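A closer look at the structure
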Amino acid sequence: MGMKVRIGVGPIPTGGPEPDVGPGLAELVDELEAHHVDSVWLSDLVSNRHSADPLIGLAYAAGRTERLKLGTGVLVLPGRNPALVASQLAGLAAVAPGRVLPAFGVRPAQLADRTMFPVPEGRRGDVFEEALAVVRALLTAPVVTHHGEFFHLDEASVGPLPAKPLDLWLGGRLPVGMRRLGRLGDGWLGSFVTPEEAAVCRQQIEQAAADAGRQIEEDHYGTNLLVVPDGDDPAGVDLARLRARARRPDLDPERLVCRGWEAARDEVRRFVEVGLTKFVVRPATAVASRRHFLDQLATELLPLQT
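The paragraphs below set out a description of the structure included in this document.

**Remarks on the overall build of the protein**
Counting secondary structure elements, the protein contains nine helices and 13 strands. For 306 residues, the compact-globule formula gives about 19 Å, and the C-alpha radius of gyration of the protein, at 19 Å, lands near that figure. Dimensions of the protein, computed from C-alpha atoms along their principal axes, come out at roughly 60 × 40 × 40 Å. Burial analysis of the protein (306 residues in total) assigns 52% to the buried set. Counting contacts in the protein only where the partners sit at least 6 residues apart, residues at least 24 apart contribute 73% of the total. As displayed, the protein offers around 13900 Å² of accessible surface, 53% of which is attributable to carbon and sulfur atoms. Taking the 34 positively charged and 40 negatively charged side chains of the protein as two groups, their mean positions are separated by 1 Å.

Okay, structure coming up:
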C-alpha cells in the first residue's frame, strides 16, 4: 500500500464568545464535511472554556457527519481510568465505524491542567505505558484480566469491540517518547517540530520498533501544522510567534509558523519528503470566518492529498 497524504483540521477559533463549543462546534464539523476535509482533531484542554472535551465533541461530530474522521489531538491518558477510555472509544467506534483516530499524550499541554490528571510523582511515563496496554487489551479482547502496578481488572470487558482494531497513535517529540512509540504505538502525531526534527523522530521510532520486533506502517506518521492565513494582520502574526515560542523556546518561532498558504504547501512537501503523510492544519490565530478559512484550505492544500 502506498503512502496516503491526508489533511485534517483542528479547531478553528473565530475569536467569538464560544469558538469551539455549542454552535461553533456544529458549524466547524458541518463545514469540514461539506469541504470534504479528511478529519477533525479535538484537543484535550480541560481549563479552556472555549474547548469541548475531545471525546464528547467527537461523539457530537459523529452524529452530525457521515464521512469525517474523528481524531483526538491528543487525549491525555495518565490520570484517566484506561478502562473507561476504552469503553468510550468502543462506543464512539460503534457510532462511527472506521472513522475513529485515537491519539494519546503523556501530559497536558496547558500548565493549568497539570493537577487535573494526578499520577504518582515521577511515574507519569510508567502509568502511560500500562494504561495504553489496558486500553489496547480491552479494545481487542472480549474479556481482560490485568493485574499491574497501577491498574487491576478481573474479567473486564467493553463493547461492542471494533470490527477492526483501532490504531493507537501517540504524540510527543522527545527521544524517550519516540522509543516508547516504537515499542507500543501504531503511529505518531507530532507537534511544534520542523521537518528536519520530524525526520529524526521517525528514525528513532523505526529503530525502537525494529528492536522490539515490531513495524509501524509507513504512512502512520503525521504532525500538526500552524498556518497564518494570507492577509492576516501583523498582530495575529505576532501572537502566533508568541504561542510557538511558548511551546518551543529553544527554536525560532518562524520555523514553526507557516505565513500564508504557499508557505504551508511548501512545508507539507518538506514533511512528505521525510516520510510524514498525515497533517492536522490549525490556524495559528483566530480567523474572521471558518468557511473562508476552509475555502482557502480546500483550494490551497487539499490538492496535495494522494
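There's more to say after this.
**Here's the deal with the nonpolar core**
One finds L89, F104, V135, L138, W188 and L297 to be the most contacted residues of the largest nonpolar core, which totals 72 residues. Take this core: its biggest share by element is eight residues, from helix α4 (residues 124–140). Counting residues in each nonpolar core, the second largest holds 10 residues, with F192, V237, A240 and A244 among its members.

**Points about the layout of surface pockets**
In this structure, the second largest pocket occupies an estimated 800 Å³ of space. Contributing to the lining of the second largest pocket are 34 residues, with K69, G98, L101, K164 and D167 lying nearest its centre. A class-by-class count of the residues in the lining of the second largest pocket yields 20 nonpolar, four polar and 10 charged.

**A look at the environment of I56**
Position of I56 among the secondary structure elements: in helix α2 (residues 54–64). Distance from I56 to T306, taken between C-alpha atoms, is 31 Å for residues 250 residues apart in sequence.

**Quick word on the pairing of strand β7 (residues 144–147)**
Each regular strand displays side chains that alternate between the two surfaces of the sheet. Two strands pair when backbone bridges link them, and β7 and strand β8 (residues 152–156) are joined in this way by three bridges, in the antiparallel orientation. Among the inter-strand pairings, V144 is bridged to a residue of β8, identified as A156. The hairpin turn running from β7 into β8, its antiparallel successor, is four residues long.

**With respect to the environment of T72**
Looking at the secondary structure, you find T72 in strand β3 (residues 69–72). Accessibility expressed as a relative area gives 2% for T72, which makes it buried. For T72, the contacting residues outside a window of four places in its chain are W41, L42, P54, L55, L58, L101, P102 and A103. For T72, the side chain forms a polar contact with the main-chain oxygen of A103, separated by 2.8 Å.

**A short note on the pairing of strand β13 (residues 278–283)**
In terms of burial, β13 is a largely internal element, six of the six residues being buried. The two faces of β13 match: K278, V280 and R282 on one face and F279, V281 and P283 on the other face are all buried. Sheet analysis places strand β1 (residues 6–9) next to β13, joined by four bridges and oriented parallel. Among the inter-strand pairings, G8 is bridged to a residue of β13, identified as V280. Bridge count for strand β11 (residues 221–228) against β13 is six bridges, and the pairing is parallel. Among the inter-strand pairings, L225 is bridged to a residue of β13, identified as V281.

**Looking at the pattern of salt bridges**
Within the structure shown, the criterion is met by 23 salt bridges. A salt bridge links R202 to E206, with the nearest nitrogen and oxygen atoms 2.8 Å apart. Taken as a pair, R202 and E206 lie in helix α6 (residues 195–211) at a separation of four residues, close to a single helical turn. Of the residues examined, R202 reaches a relative accessible area of 11% and is grouped as buried. The class for E206 is partly exposed, based on a relative accessible area of 36%. The closest approach of N and O atoms between E267 and R270, which form a salt bridge, is 2.8 Å. Of the two residues, E267 and R270 both sit in helix α8 (residues 261–273), three residues apart, roughly one turn of that helix. Judged by relative accessible area, which is 9%, E267 ranks as buried. For R270, a relative accessible area of 38% translates into the label partly exposed.

The rules we used
- Per chain, residues are indexed from 1 in the order of the written sequence.
- Where local features are concerned, this predicted model is filtered to residues with pLDDT of at least 70; where side-chain atom pairs are given and counted, the filter is 80 or more; whole-chain, interface and lining totals use all residues.
- Heavy atoms from the whole structure form the basis of all side-chain values; hydrogens and water molecules are not counted.
- Under the DSSP-based scheme used, a helix requires at least four consecutive residues in state H or I and a strand at least two consecutive residues in state E, with every element numbered from the N terminus.
- We compute the radius of gyration over the C-alpha atoms and compare it with the globule rule, which gives 2.2 Å times the number of residues raised to the power 0.38.
- Exposure categories follow from relative accessible area, calculated using a 1.4 Å probe and restricted to protein chains: below 20% of the type maximum is buried, above 50% is exposed, and the middle band is partly exposed.
- The contact criterion used is simple: two residues touch if any of their non-hydrogen atoms lie within 4.5 Å.
- In this description, accessible areas are obtained by the Shrake-Rupley approach with a 1.4 Å probe, and a residue is regarded as covered only by the protein chains that are shown.
- Positive charges are assigned to Lys and Arg, negative charges to Asp and Glu, while His and the chain termini are left out of the count.
- A single reference atom marks each charge: NZ on Lys, CZ on Arg, CG on Asp, CD on Glu.
- Note on terminology: a nonpolar core comprises buried Ala, Val, Leu, Ile, Met, Phe, Trp, Tyr and Cys residues joined through side-chain atoms within 4.5 Å.
- Here a cavity means grid points, on a 1 Å grid over the protein atoms only, where a 1.4 Å probe fits yet cannot get out; a pocket means an open set of points with protein on both sides within 12 Å along at least five of seven lines; lining residues are those with an atom within 4 Å of a point.
- Grid points are joined across faces, edges and corners, and a volume is the space filled by probe spheres set on the points.
- Charged residues are taken to be Asp, Glu, Lys and Arg, nonpolar residues to be Ala, Val, Leu, Ile, Met, Phe, Trp, Tyr, Cys and Pro, and polar residues to be all remaining types, Gly included.
- When DSSP finds two or more bridges between two strands, those strands count as paired.
- In the analysis that follows, any N or O atom pair within 3.5 Å is treated as a polar contact, provided that within protein one partner can donate a hydrogen and the other can accept it, and provided that, for residues neighboring in sequence, both atoms belong to side chains.
- Salt bridge criterion: a side-chain nitrogen from Lys or Arg within 4 Å of a carboxyl oxygen from Asp or Glu.

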